[in-house]
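Remarks on the overall topology
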Amino acid sequence: MVSPGAFALESSQVRHEISFERASNQYVHIVSTFPVEQGLVEFAMPVWTPGSYLVREYSAHLEQLEVSAPSGDPLSVRKIAKNRWAAEVNEAGEITLAYDIWAGELNVSANWVDSSLALLNGAGVFLFTDTSRSLPQVVEVRLPADWPNVHTSMDREGDANRFIARDYDELVDSPIVAGNTVEYYFEVDGHPYGLVQSRENRFWDGARATEDVARVIKAQQDFWGINPFTKRYLFLNLFIGSHSGLEHDHSTVLMTDPWGMRDDHDYKRWLGLVSHEFFHAWNVRRMRPSALSEYDYEQESYIRELWLAEGLTSYYDSLLLFRSGLTSVADYLESLAREIRNYETTPGREVRSAELASFDTWIKHYRKDENTVNSTVSYYRKGAVIGFVTDTAIRRATDNDASLDTVMREMFLRYGTKRNGGYPPGAFEAIVGELAGEDVRIMVEEMIRETSDPDVDTALEWYGLGIDRNPSNNGNGSPLAGLGIEVGQEGPALLVEQVVAGYAGAEAGVLPGDELLAIDANRVTEANYLKLLSRLRPEESVELTLARHGRLLTLRTKLREAIPATYVIAPLDKIRTRQKSRLEQWLGRDLVFKQP
Ligand SMILES: [Zn+2]
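Conventions used here
Residues numbered from 1 in each chain as written. Predicted model: local features only at pLDDT ≥ 70, side-chain atom pairs only at ≥ 80, totals over all residues. Heavy atoms only, no water. Pairing = 2+ DSSP bridges. Helix = DSSP H or I, 4+ residues; strand = E, 2+ residues; numbered from the N terminus. Contact = heavy atoms within 4.5 Å. Donors = N, O, S within 2.8 Å, 3.2 Å for Na, K, Ca; no water. Buried < 20%, exposed > 50% of the residue type's maximum accessible area, 1.4 Å probe, protein only.

1. Focus on the sheet that holds strand β9 (residues 112–113)
In spatial order, the strands read β9-β10-β15-β12; together these 4 strands make up an open sheet with antiparallel pairing. Each edge of the sheet is formed by a strand with only one pairing partner; in this case those strands are β9 and β12 (149–151). In this sheet, strand β15 (residues 176–179) lies alongside strand β10 (residues 117–120) in antiparallel orientation, the contact comprising 4 bridges. Considered in β15, the bridge of Leu120 is made with Ile176.

2. Considering the environment of Thr392
Residue placement: Thr392 occurs in helix α9 (residues 379–397). A C-alpha to C-alpha distance of 8.9 Å links Thr392 and Tyr463, two positions 71 residues apart in sequence. When near neighbours in sequence (up to four residues on either side) are disregarded, Thr392 contacts Ala459, Trp462 and Tyr463.

3. A short note on the coordination of the zinc ion
Taken together, His276 (NE2), His280 (NE2) and Glu310 (OE) make up the full set of protein donors to the zinc ion, lying 1.9 to 2.1 Å away. Sequence positions of the residues that donate to the zinc ion give the spacing H-x3-H-x29-E. Of the two residues, His276 and His280, both sit in the buried class.

4. Topic: the sheet that holds strand β5 (residues 74–75)
Taking strand neighbours across the sheet as the criterion, the 8 strands line up as β5-β4-β8-β2-β1-β11-β14-β13 in an open arrangement whose pairing is mixed. Edge strands, defined here as strands with exactly one partner in the open sheet, are β5 and β13 (155–156). Of the pairings in the sheet, the one linking β13 to strand β14 (residues 162–165) comprises 2 bridges and is antiparallel in character. Looking across to β14, one finds that Arg156 is bridged to Phe163.

Spelled out as structure tokens, the structure:
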């Protein structure tokens, strides 16, 4: 017999064992051992994971749960909520839970296993009790014989595939990638980093990617001036899934196209993703909104500042990529023009402010539907536009003594370097006010809380730049006509996928899901749709033939100017010396201009 006190000292950690006997059927087996007191014990699984604001219902994929008492005897377990189980324990000691997780969701925030690769996110794998969240968590990974590697930012214990997290939060924040991987280890300013690729890929030059990632790190390190890492930081780059990433304290999971490096645009997009996720190591991982200071894994955390956490990260991902020398000034201005175009062509920007779009992320941004374009605005996009206008307003008000860069560094000093409950609502605006004055603070507050558009034209003008909102019309004299609908071919049908408010299709009453058959009795196919529209003119009336729920339908509407596919930012005139110097201070590099 051991006294309860002695027991508490001996087993104050939770141990998890992961094995892959059924990897080819996409199952992972987990055996977890928890120290518990006598009485009723409840086990829970998170419903979401930090960084991805969607209730994912991870517990739906947990099967075959079996619990054993400290004696080793089976213990009956009862399900008490969608993500909670309870067991009555007759004596204090270690109880063991064994279960399977189906890992067939290809997503940076979920679990994926096949015969050669595993991506495991702790929130969807490991359970916790009321008392176990603060305990150290030991993870032992039992690899199949033909899987050489396992990677995670948890500390390794000894030579085996045994890792330790200081608590449950770190376990959730440390995704595990296992299987056939290729690793590149390198240093920047004396700190160790790793680029892990899910497999060897002859279309992807790992050495070149490593050099470029190092340049991104260098630019961001110079930007923040503080290295927040206490161990090696890992870029876990998987050649599966679609372009996406998720940020962590000492790692990021990226999904990308294995052919990406064979296309300059796609490769720069990947570098932009690297830049975005790495910037998060400061902005949102360490410098957090107060709503995320302690994670409630069982329900939504309502955050008002995702325009800052995600939007300003989007503003800086491309700007710092330019400062790193990996993109051209033309690339940078093109990406800024794209953000502004995508923002301004979203009618939902008049429905939700940046702050409300952030708050509603759980039901809007992560739950897109056919009407999303009309009912909300992306806080990534509007946040990036707010970033640009705020940056310029601060530079203008302070004659370039301060900038958004200064505000971000000050935010990090106050809220990122120690755990202090995160930044409260209004913290960012307050620092803007301190540095640039009350007028700028009020303007920034309006951009965050109101639905009015940030004044990008005035900001661009300060640098001698202007924006052309309809470049495709230049030259041919007649503007393109459009219906303001998105269509897509599905089998033999051309289906309406989205109807943009305020345009011809919406005014006529076209609905998402309608099949578009003809315009003015001319049969429409995917191949001739744009060509037909290009022959028509804005203000012309047309008759649309549609099918809805199997019945034919005719609607009349007057065409409008087409929604422009691109915007272009270019010098307004000859760039003056003063403007060139402003541009160079903003963009952070010397510029050579071919004057128009
Ligand atoms: Zn992000």
